[in-house]
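Structural overview for review
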Amino acid sequence: RKEVEQDPGPFNVPEGATVAFNCTYSNSASQSFFWYRQDCRKEPKLLMSVYSSGNEDGRFTAQLNRASQYISLLIRDSKLSDSATYLCVVRTGTYKYIFGTGTRLKVLA
Amino acid sequence: GAGVSQSPRYKVAKRGQDVALRCDPISGHVSLFWYQQALGQGPEFLTYFQNEAQLDKSGLPSDRFFAERPEGSVSTLKIQRTQQEDSAVYLCASSLGGGQPQHFGDGTRLSIL
């Protein structure tokens, strides 16, 4: 079993739709959680950190469920420009970051 | 520039050649990471530096891979006697310190013929 697992997708959704991704992790001692966005042939870019109480940034909402060991990302009112791969990242040590394989999102006009 | 800079952007080498990939982190960032990303996969950890100290090299696939950061700033990832399976994107990331979000460079796309 991989340490961090994501559904690879693709998730094809129409513009304006709400879409949610989940990511599960196996190490219960994991300390920090992040969502990164990666466009085709580009570098990963930090989308948002994920806090225990959940956090929101505009149309994006991230949640952490430590008991079930998963994090989620909700995107409301999807835009064409949201099309990308979304990487779940879990920090398991001071500097050890484990990346999921990513979930591909395609927002369709 | 303000971001992480990597060079070259693309590298094509023949099997058996040595290659060197450079990373210039964000100024003042203590932590520096190297990752390998295969097509359709997430980045896989290779090695970590805190300033000039290489604290973890457990992700390096073989002893053909070597990384250094002699002055605690610029880092070089060297691959000796390249093999076809070394073809991938090599990403460098830096952060202010342990636990802080990482900022990535554009990566070096390495193709071994």
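Rules and cut-offs
Residues numbered from 1 in each chain as written. Chains lettered and ligands numbered in written order. Predicted model: local features only at pLDDT ≥ 70, side-chain atom pairs only at ≥ 80, totals over all residues. Heavy atoms only, no water. Core = buried A, V, L, I, M, F, W, Y, C linked by side-chain atoms within 4.5 Å. Buried < 20%, exposed > 50% of the residue type's maximum accessible area, 1.4 Å probe, protein only. Helix = DSSP H or I, 4+ residues; strand = E, 2+ residues; numbered from the N terminus. Contact = heavy atoms within 4.5 Å. Disulfide = S-S within 2.5 Å.

1. Observations regarding the nonpolar core
Phe21, Trp35, Ile71, Leu73, Ile75, Tyr86 and Leu105 of chain A are the most contacted members of the largest nonpolar core, which has 24 residues in total. Among the secondary structure elements, those contributing two or more residues to this core are strand S3 (19-25), strand S4 (32-38), strand S5 (44-50), strand S7 (60-65), strand S8 (70-75), strand S9 (84-91) and strand S11 (103-108) of chain A. Beyond its immediate stretch of four places on either side in the chain, leucine 105 of chain A contacts Phe11, Val13, Val19, Phe21, Ile75, Asp82, Ser83, Ala84 and Tyr86 of chain A. Of all hydrophobic cores here, the second largest spans 20 residues; its members include Trp34, Leu60, Ala88 and Cys92 of chain B.

2. What about the state of the cysteines?
Within the structure shown, the criterion is met by two disulfides over all chains. Between the sulfur atoms of cysteine 23 of chain A and its disulfide mate cysteine 88 of chain A the distance is 1.9 Å. Note on the cysteine 23 of chain A and cysteine 88 of chain A pair: the S-S dihedral is about -70 degrees, so by sign convention the disulfide is left-handed. With cysteine 23 of chain A in strand S3 and cysteine 88 of chain A in strand S9, the pair connects residues that are 65 residues apart, well separated along the chain. For cysteine 23 of chain A, a relative accessible area of 0% translates into the label buried. The disulfide partner of cysteine 23 of chain B is cysteine 92 of chain B, and the gap between their sulfur atoms is 1.9 Å. What sets the handedness of the cysteine 23 of chain B and cysteine 92 of chain B disulfide is the S-S torsion sign, and at about -65 degrees it is left-handed.

3. Quick look at the environment of leucine 74 of chain A
Residue and element names in this part refer to chain A. Its place among the elements puts leucine 74 in strand S8. Distance in space between the C-alpha atoms of leucine 74 and leucine 87 is 13 Å, their sequence separation being 13 residues. With sequence-adjacent residues up to four places away left out, leucine 74 is seen in contact with Thr18, Val19, Ala20, Arg59, Phe60 and Thr61.

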